[in-house]
Amino acid sequence: MNFRLISKKNPDVINILSFVIFFILSCDSTESIQPLEQNKVDPFIQNKKIAKTINLGNALDAPNEGEWGVTLEAEYFQIIKSAGFSGIRLPIRWSNHTQANAPFTIDENFFKRVDWAVQNALDNNLAIVINIHHFEEIFSDPLAFKQKLLSLWEQIARHFKDYPDDIIFEMLNEPHQKLTSEIWNEFIAEGISLIRKIDDKRTLMIGPANWNSINSLSTLEIPNVENLIITVHYYSPFEFTHQGASWVENSDRWMGTTWDATNTQKELIDKDIAMVKEWGIRNNRPIFIGEFGAYSKADFNSRFRWTEYMVQVMQKNEISWSYWEFCSGFGAWDQQTKKWNELLYALIQPN
Ligand code: GLC
């Protein structure tokens, strides 16, 4: 600090300096800070940790790891970290790796593999969202598989109980079909109270029924608990993002659909994301767009433009996001060349 500036001739400088000194002192004073109640974790701060993330998809969410062309490697976590992402979302198909009957004990080796992935994320200072993904049976017969869902969460919650708070639990990917909003709301309430009894500090994440669609947010009954993040997925326009996708019937006829960043196209995204943001503010809950992406059958320049625009709009609205996905059909990183493609520049942008 240059004290020569302080002179009687310059009262403004003195005023400014007094203010600065007062400000520094008041920052130091414990009285001026509102401490969070003991043990409380702020979900808005937690959501910032997963501000810019990428899905390690098609690996542990395949029926068996490797069957969909992705086997996790330790270097993936370093590559993701050094590219500028703050975390990852790890989709996991637990339901395929348990005993057939209650209590549906999770296969030890599978659990070890998940642990290895979680540890790699933590070692690289990446926050991590772990979920239950592709639990297909529960969508056609929710009541028959409810106990299995709860039992999975009981085991997962116990296992990670003493792990750092950089691990976030997302209860179920894309509930749909017979798992209607009504049933899903009941499962959420039961599941969350079960997890909270085991671990009352973990940040939890839930999304609406109907594939985590933004249009179903209004049907989601938010449980009366703290430390909760709300997730939705965004793939609009679907004819563009899912053209040629083998798992979407008749999507070949959408081939050639481009996204040219026209005003009309941008306005659709603006409107949707503004609605999501407004919902979050109204309900005082942080929002995470846990999946968005355009499949590789679409024209690359269109994918770039769409991804770049999505990231801009989400960041402007302070919504955290996770790109779908790292190195498979929507991939931003190429397993053969071991390099990022240009999508990385669409994803990692200044705030
Ligand atoms: C969902 C599915 C995943 C699919 C993605 C894009 O997350 O679980 O398998 O690739 O959406 O359609």
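Quick caveat, the model's predicted, so the values are computed rather than measured.

Student: Hey, could you run me through the confidence of the model for the protein chain in this one?
Tutor: Regions with low pLDDT should not have their predicted coordinates read in detail. In the predicted model, the protein chain carries a mean pLDDT of 92, and 89% of its residues have values of at least 70. For the protein chain, the element scoring lowest by mean pLDDT is helix α1 (residues 11-28), at 46; strand β7 (residues 287-292) scores highest, at 99. Low pLDDT, under 50, characterises residues 1-11; the predicted model gives this stretch 6 contacts beyond four residues in sequence or across chains. In this model, residues 16-32 is a region of pLDDT below 50 whose contacts with residues beyond four sequence positions or in other chains number 5 contacts.

Student: Sorry if this is basic, but what is going on with the environment of A62 here?
Tutor: Take A62: it is sitting in the loop between β1 (52-55) and α3 (74-83). Look at A62 and you get buried, because its relative accessible area is 1%. Counting along the chain gives 31 residues from A62 to R93, while the straight-line C-alpha distance between them is 6.8 Å. Apart from the residues lying within four places of it in its own chain, the contact partners of A62 are W68 and R93.

Student: It is not clear to me how the sheet that holds strand β6 (residues 228-234) should be interpreted in this structure. Could you clarify?
Tutor: Hydrogen bonding along the main chain pairs the strands of a sheet, whether they run parallel or antiparallel. With parallel pairing, 8 strands are arranged side by side around a closed barrel as β1-β2-β3-β4-β5-β6-β7-β8. Between one strand axis and the next, the sheet turns through 25° on average, direction left out of account. Note that β7 and strand β8 (residues 320-323) share 3 bridges and pair parallel. Residue F292 lies in a different strand from β8, and its bridge partner there is Y323. Contacting β6 and β7, helix α10 (residues 263-283) crosses the sheet at an angle of about 165° to β6.

Student: Even after reading the chapter, I still don't get the pairing of β7, so can you show me in this structure?
Tutor: A regular strand carries its side chains on alternate faces of the sheet. Most of β7 sits inside the fold, with 6 of its 6 residues counted as buried. As judged from the 5 bridges shared by β6 and β7, these two strands associate in the parallel manner. By the bridge assignment, Y234 is partnered in β7 with F292. Read as a crossover between parallel neighbours, the route from β7 over helix α11 (residues 300-316) to β8 is right-handed.

Student: Just checking my understanding: could you explain the side chain of R89 for this structure?
Tutor: Tracing the chain through its elements places R89 in strand β2 (residues 87-90). According to the relative accessible area criterion, R89 is buried, its value standing at 0%. Polar side-chain contacts of R89 include one of 2.8 Å to the side chain of N55. Within the structure, R89 has its side chain in polar contact with the side chain of E291 (distance 2.9 Å).

Student: What should I look at first to understand the packing of aromatic side chains in this one?
Tutor: Ring pairs (aromatic) are described by centroid distance and by the angle formed between their planes. The full count for this structure, using the stated rule, is 24 aromatic pairs. Centre to centre, the rings of F292 and W321 are 5.8 Å apart; their planes meet at 85°, and the pair counts as edge-to-face. Highlighted residues: F292 in strand β7 and W321 in strand β8, separated in sequence by 29 residues. In terms of burial, F292 and W321 fall into one category: buried. A connected cluster of aromatic rings, assembled from ring pairs, spans Y76, F85, F240, F292, W306, W321, Y323, F326, W333 and W340. Its guanidinium or amino end placed over the ring of W116, R113 lies 4.1 Å from that ring's centre, counting from NZ or CZ. The ring of F169 carries R202 above its face, with NZ or CZ at 5.3 Å from the centroid.

Student: Just checking my understanding: could you explain the packing of helix α6 (residues 142-160) against helix α7 (residues 181-198) for this structure?
Tutor: The axes of two packed helices give the description: the angle between them and the distance between them. For the pair α6 and α7, the least separation of the axes is 9 Å and the interaxial angle reads 25°. By the angle between their axes, α6 is roughly parallel relative to α7. Helix-helix and strand crossings are classified by hand; for α6 and α7 the assignment is right-handed. Each of P142, L143, K146, L149, L150, W153, E154, A157 and R158 in α6 lies in contact with α7, whose residues at this interface are I183, F187, E190, G191, L194, I195 and I198. The class makeup of the residues in the contact of α6 with α7 is 11 nonpolar, 1 polar and 4 charged.

Cut-offs used in this document
- Residues numbered from 1 in each chain as written.
- Predicted model: local features only at pLDDT ≥ 70, side-chain atom pairs only at ≥ 80, totals over all residues.
- Heavy atoms only, no water.
- pLDDT = per-residue confidence, 0-100.
- Helix = DSSP H or I, 4+ residues; strand = E, 2+ residues; numbered from the N terminus.
- Contact = heavy atoms within 4.5 Å.
- Buried < 20%, exposed > 50% of the residue type's maximum accessible area, 1.4 Å probe, protein only.
- Pairing = 2+ DSSP bridges.
- Axes fitted to C-alpha atoms, helices over the stretch in contact; angles between N-to-C directions.
- Right-handed = clockwise from strand over helix to strand, strands pointing away.
- Polar contact = N/O pair within 3.5 Å; in protein donor to acceptor, adjacent residues only side chain to side chain.
- Phe/Tyr/Trp six-rings, centres within 6.5 Å; stacked < 30°, edge-to-face > 60°.
- Lys NZ or Arg CZ within 6 Å of the ring centre and 35° of its normal.
- Parallel < 35°, antiparallel > 145°, perpendicular 65-115°, else oblique.
- Left-handed = near helix turned anticlockwise from the far one by under 90°.
- Nonpolar A, V, L, I, M, F, W, Y, C, P; charged D, E, K, R; others polar.

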